[in-house]
Amino acid sequence: MLIAKPPDIPSSEITSRDAYFRYLNRRRFLKGAAAVGAAAMGADRLARLVSPRTTVHADPTKLQTVYSPLTTTGEQLTTFDDITHYNNFYEFGVDKSDPAKNAGGLPTRPWTVKVEGKVAKPLTFSIDDLLKLHPLEDRVYRHRCVEAWSMVIPWVGYSLSEFIKQCNPLPSANYVQFLSYYDRHVEKWGGAETSIVWPYSEGLRMDEAMNPLTLLTFGLYGETLPNQDGAPVRIVLPWKYGFKSAKSIVTVRFIDKQPPTTWNEQAPNEYGFYSNVNPDVDHPRWSQKTERRIGLPFYAQRRTTLMFNGYTDQVASMYTGMNLRKYF
Ligand SMILES: Nc1nc2c(c(=O)[nH]1)N[C@H]1C(S)=C(S)[C@@H](COP(=O)(O)O)O[C@H]1N2
Ligand SMILES: [Mo]
């Protein structure tokens, strides 16, 4: 478990939206109470602890933050059950229900993340090093798959930039590549069903990797990541199609050139390197103008896809002057 959770709420109960908000309110209350007890603590810090956190990620008019459950657009968190039983994790099979069935054997402890390439010196972090590297935050993000379905997920993590700063990348590190866990066990678990060349590889331009929205993610709904969602550590990029968010990361490689990435290699005309959510650029086989929000009653599922998945204010400036039809 990631976060000291109040003893009066069993883990099994933190699966519904209501229980989650009870948990968060209680957690906020506990933080406030702890702050009052710490007499030496500066007024500033105290104020930050007891008042709702200012978020870097959420446009409050469009997206609920963990501190304001109801939004003007009425977006609801996707249930824990849907987030953990409707997955893409092809190492564990191609059906949405496969990862929940097959990812149990993923050995998430011990776990190390290797840092290599254009860095001052190669490093290895254990998962516990990573968990301690920076305070964990709750971040509610929209999650938009290139297959035109979406969710709203309360992740737990911290900005990838905090980690990158510890890696001392060289000035020639223009891109970051992420490699997912893979070994021959995975083939037995479903990874052999596809023509994908493993390990799963994804990559970002350095400014994208350093954007505060880019989340190094360890949990969801206040709990450790379930294996099927990319335990023990994954990336989450809320303004890009889901496949950019590599799961179960074992290697972070800094490089000078754009790295090869799994879906782009599979079908370059269908999956671009950037893969920013863009309702104006259709996938060759389907439209990206709308999406289906998983878990809602079917009459309420269909919604308009937003440019950059609704995160324009935070990310658009990284792409000024770029033709987003060419660099899709
Ligand atoms: N290693 C790895 N990472 C992956 C994938 C995968 O198959 N393998 N699928 C991607 C895709 S297509 C999506 S939509 C998201 C799904 O994340 P979720 O199952 O937690 O919703 O993970 C991405 N990361
Ligand atoms: Mo996806």
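For the structure itself, consult the block above.
Let us look at the structure shown here. (Residues numbered from 1 in each chain as written. Chains lettered and ligands numbered in written order. Predicted model: local features only at pLDDT ≥ 70, side-chain atom pairs only at ≥ 80, totals over all residues. Heavy atoms only, no water.)

## A closer look at the pairing of strand E2 (residues 123-126)
Side chains on a regular strand alternate between the two faces of the sheet. Of the two faces of E2, only one is covered, namely that formed by Leu123 and Phe125; the face formed by Thr124 and Ser126 stays uncovered. Where strand E1 (residues 112-117) and E2 come together, 4 bridges link them in antiparallel fashion. From the neighbouring strand, Lys114 faces E2, where its bridge partner is Thr124. Linking two consecutive strands that pair antiparallel, namely E1 and E2, is a turn of 5 residues. (Buried < 20%, exposed > 50% of the residue type's maximum accessible area, 1.4 Å probe, protein only. Helix = DSSP H or I, 4+ residues; strand = E, 2+ residues; numbered from the N terminus. Pairing = 2+ DSSP bridges.)

## Re unusual backbone geometry
Here Trp198 and Pro199 are connected by a cis peptide whose omega angle stands at 0°. Cis rather than trans, the peptide bond between Ala231 and Pro232 has omega equal to -5°. As for its position among the elements, Pro232 is in the loop between strand E8 (223-224) and strand E9 (234-236). Here the phi dihedral of Phe308 falls at roughly 50°; this positive angle occurs in a residue that is not glycine.

## Comments concerning the pattern of salt bridges
Oppositely charged side chains can form a pair if their charged atoms are brought close together. In total, this model carries 14 salt bridges according to the counting rule given. Across the salt bridge formed by Arg139 and Glu137, the nearest N and O atoms sit 3.0 Å from each other. In this pair, the class of Arg139 matches that of Glu137, namely buried. A cluster of three or more residues bridged by salt bridges with shared partners is formed by Glu75, Arg142, Arg144, Glu291 and Arg293. (Salt bridge = Lys/Arg side-chain N within 4 Å of Asp/Glu carboxyl O.)

## Section: the site of ligand 1
Inspection of the region around ligand 1 gives 16 residues, with Tyr90, His143, Asp229, Arg234 and Lys247 positioned closest. Within the side chain of Asn87, a nitrogen or oxygen atom sits 2.8 Å from an oxygen atom of ligand 1. Interatomic distance of 3.3 Å between a backbone N/O atom of Asn88 and a nitrogen atom of ligand 1. Relative to its free-state accessible area of 540 Å², ligand 1 is covered by the protein chains to the extent of 98%. Its atoms largely coinciding with the cavity grid, ligand 1 occupies the second largest pocket. Split by residue class, the shell around ligand 1 holds 6 nonpolar, 6 polar and 4 charged. (Near = heavy atom within 4 Å. Polar contact = N/O pair within 3.5 Å; in protein donor to acceptor, adjacent residues only side chain to side chain. Areas by Shrake-Rupley, 256 points an atom, 1.4 Å probe, with all protein chains shown as cover. 1 Å grid on protein atoms, 1.4 Å probe; cavity = no way out; pocket = protein on both sides within 12 Å on 5 of 7 lines; lining within 4 Å. Sits in = over half its atoms within 2 Å of the grid points. Nonpolar A, V, L, I, M, F, W, Y, C, P; charged D, E, K, R; others polar.)

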